[in-house]
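Below are the chains, spelled out letter by letter.
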Amino acid sequence: MSEQENKTTYLDKRSSRRTFIKNSGLTVGGVVLGGALGSLLGKDSTSKTNETGVHSATTSVNFNQALMYFDKAQFDTIEAAAEQIFPKTEVGPGAKELLVAYYIDHQLAGSFGLNSKEYMTGPFFPAEAVPQQGYQTHLNRQQVFNLGIAALNTEAAKKSDDKPKFANLTEEQQIEILKDFEADKVKLNGAVSSSFFFSLLRKVTIEGVYADPMYGGNKDMAGWKMKNFPGHQSSYTNVLEKDEFVKIDPMSLNSQHQH
């Protein structure tokens, strides 16, 4: 692999994926639009529809979606950033639909966010240490996220005289800022680098896509379905001897209550 290829960042690769989707979006959009129009044209304009708006609004609420650490503004920032790291594509939903920001919020609220089970006493050598030497700052993950979120919104405010929040920027502006974080071009007001925050944000975003739904993300196991991952199967004895490929619907830890 050439040196130039080695320098390709995660967001560069991610942007290439999005560019492909945009280039092929006309075809995909045509199919979707055609289906929608067909549905509308097939409707009898004289038919009557009974509206049950109150019932629909009530049944669509997911009472498990509640914040444990972030305030609403912090949540909006992380939700927007996570969606750029794991965007919705033709393959499946993105981080927002998968409720990844709730996963991150719930993790930060516990021992993970407080680093309560880790050695947190110096000395720290963030510039010299290799990844195998572990965490290199006295800040816990809650504090790192607080600094990172504040810096994301500070960078967002530089994009316009209206001083928008990160979540209100265009997709292209959000990606531009995240690239600067990944390349360590942004200064955080604390003993941590922007690239460290970006690396941590990317890590927990991917976790939220593929962890068991019991932790708050991977809504409806859609992350697993994109990978054909079977989840937590109690046994494979019924398929082990079969010669043909067997597609298995995923099961979450919730299935242990369905015996």
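As the structure is a computational prediction, the values presented were derived from the model and not from experiment.

Before going further, it helps to examine the overall build of the protein. In terms of regular secondary structure, the protein is built from 11 helices and 0 strands. For the protein, the N- to C-terminal ordering of α and β elements is α-α-α-α-α-α-α-α-α-α-α. Here the protein holds 259 residues, and 34% of them are scored as buried. In the protein, once contacts between residues fewer than 6 apart in sequence are set aside, the share between residues at least 24 apart is 61%.

Turning our eyes to something else, we now look at the packing of aromatic side chains. Within this structure, the stated rule accounts for 7 aromatic pairs. Measuring from ring centre to ring centre gives 4.7 Å for Phe-75 and Tyr-102, while their planes differ by 50°; the resulting arrangement is tilted. Placement of the pair is Phe-75 in helix H5 (residues 72-85) and Tyr-102 in helix H6 (residues 100-108), with a sequence separation of 27 residues. The residues Phe-75 and Tyr-102 share a single accessibility class, namely buried. The interplanar angle of 70° and the centroid separation of 5.4 Å between the aromatic rings of Trp-224 and Phe-229 together place this pair among those described as edge-to-face. The structure contains a cluster of three or more aromatic residues connected by ring pairs, namely Tyr-69, Phe-70, Phe-145, Phe-181 and Phe-197. For the cation-ring pair, Arg-141 lies above Phe-112, with the distance from its terminal atom to the ring centre recorded as 4.1 Å.

In this structure, Ile-78, Ile-104, Phe-145, Phe-166, Phe-181 and Phe-197 are the most contacted members of the largest nonpolar core, which totals 42 residues. Elements that contribute at least two residues to this core include exactly H5, H6, helix H8 (141-157), helix H9 (171-182) and helix H10 (194-210). Those residues in contact with Phe-166 that lie beyond four places of it in its chain are Thr-77, Ala-80, Ala-81, Leu-152, Asn-153, Ala-156, Gln-174, Ile-177 and Leu-178.

Let us look at the pattern of salt bridges. On inspection of all chains with the given rule, the structure shows 7 salt bridges. Ionic pairing is found between Glu-118 and Arg-141, a salt bridge with its closest N-O pair at 2.8 Å. Remark: Arg-141 occurs in helix H8 and Glu-118 occurs in the loop between helix H7 (111-114) and H8; sequence separation between them is 23 residues. The exposure class assigned to Arg-141 is buried, which follows from its relative accessible area of 10%.

Before going further, it helps to examine the packing of H9 against H10. In contact at an axis separation of 7 Å, H9 and H10 are set at 115° when each is read in the N-to-C sense. Between H9 and H10, the interaxial angle falls into the category roughly perpendicular. Counted together, Leu-178, Asp-180, Phe-181 and Glu-182 of H9 and Ser-194, Ser-195, Phe-197 and Phe-198 of H10 form the full contact between these two elements. Per-class residue counts for the contact of H9 with H10 are 4 nonpolar, 2 polar and 2 charged.

Turning our attention to H9. Here H9 spans 16 Å end to end across 12 residues, near enough to the 16 Å set by a 1.5 Å rise per residue. Considered for burial, the residues of H9 that qualify are Gln-174, Ile-175, Ile-177, Leu-178, Phe-181 and Glu-182. With its buried residues spanning 165° around the axis, H9 presents them on a single face. Two residues or fewer after H9 comes Asp-184, characterised by a positive phi angle close to 65°.

Interhelical geometry of H5 versus H10 gives an angle of 80° and a closest axis separation of 10 Å. When the interaxial angle is binned, H5 and H10 end up roughly perpendicular. Taking contact as the criterion, the partners of Ile-78, Ala-81, Ala-82 and Ile-85 in H5 are, on H10, Phe-197, Phe-198, Leu-201, Arg-202 and Thr-205. Of the residues that constitute the contact of H5 with H10, the class distribution is 7 nonpolar, 1 polar and 1 charged.

Across the protein, the average pLDDT comes to 81, with 76% of residues at or above 70. Low pLDDT (under 50) marks residues 18-55, which in the prediction has 11 contacts with non-local residues, meaning those over four places away or in another chain.

Let us now look at the side chain of Asn-115. Mapped onto the fold, Asn-115 is located in the loop between H7 and H8. Ignoring sequence-local partners within four residues, the contact set of Asn-115 consists of Met-120, Tyr-135, Asn-140 and Arg-141.

Quick notes on the rules
- Residues numbered from 1 in each chain as written.
- Predicted model: local features only at pLDDT ≥ 70, side-chain atom pairs only at ≥ 80, totals over all residues.
- Heavy atoms only, no water.
- Helix = DSSP H or I, 4+ residues; strand = E, 2+ residues; numbered from the N terminus.
- Buried < 20%, exposed > 50% of the residue type's maximum accessible area, 1.4 Å probe, protein only.
- Contact = heavy atoms within 4.5 Å.
- Phe/Tyr/Trp six-rings, centres within 6.5 Å; stacked < 30°, edge-to-face > 60°.
- Lys NZ or Arg CZ within 6 Å of the ring centre and 35° of its normal.
- Core = buried A, V, L, I, M, F, W, Y, C linked by side-chain atoms within 4.5 Å.
- Salt bridge = Lys/Arg side-chain N within 4 Å of Asp/Glu carboxyl O.
- Axes fitted to C-alpha atoms, helices over the stretch in contact; angles between N-to-C directions.
- Parallel < 35°, antiparallel > 145°, perpendicular 65-115°, else oblique.
- Nonpolar A, V, L, I, M, F, W, Y, C, P; charged D, E, K, R; others polar.
- Expected span 1.5 Å × (residues − 1).
- Arc of directions from axis to C-beta.
- pLDDT = per-residue confidence, 0-100.

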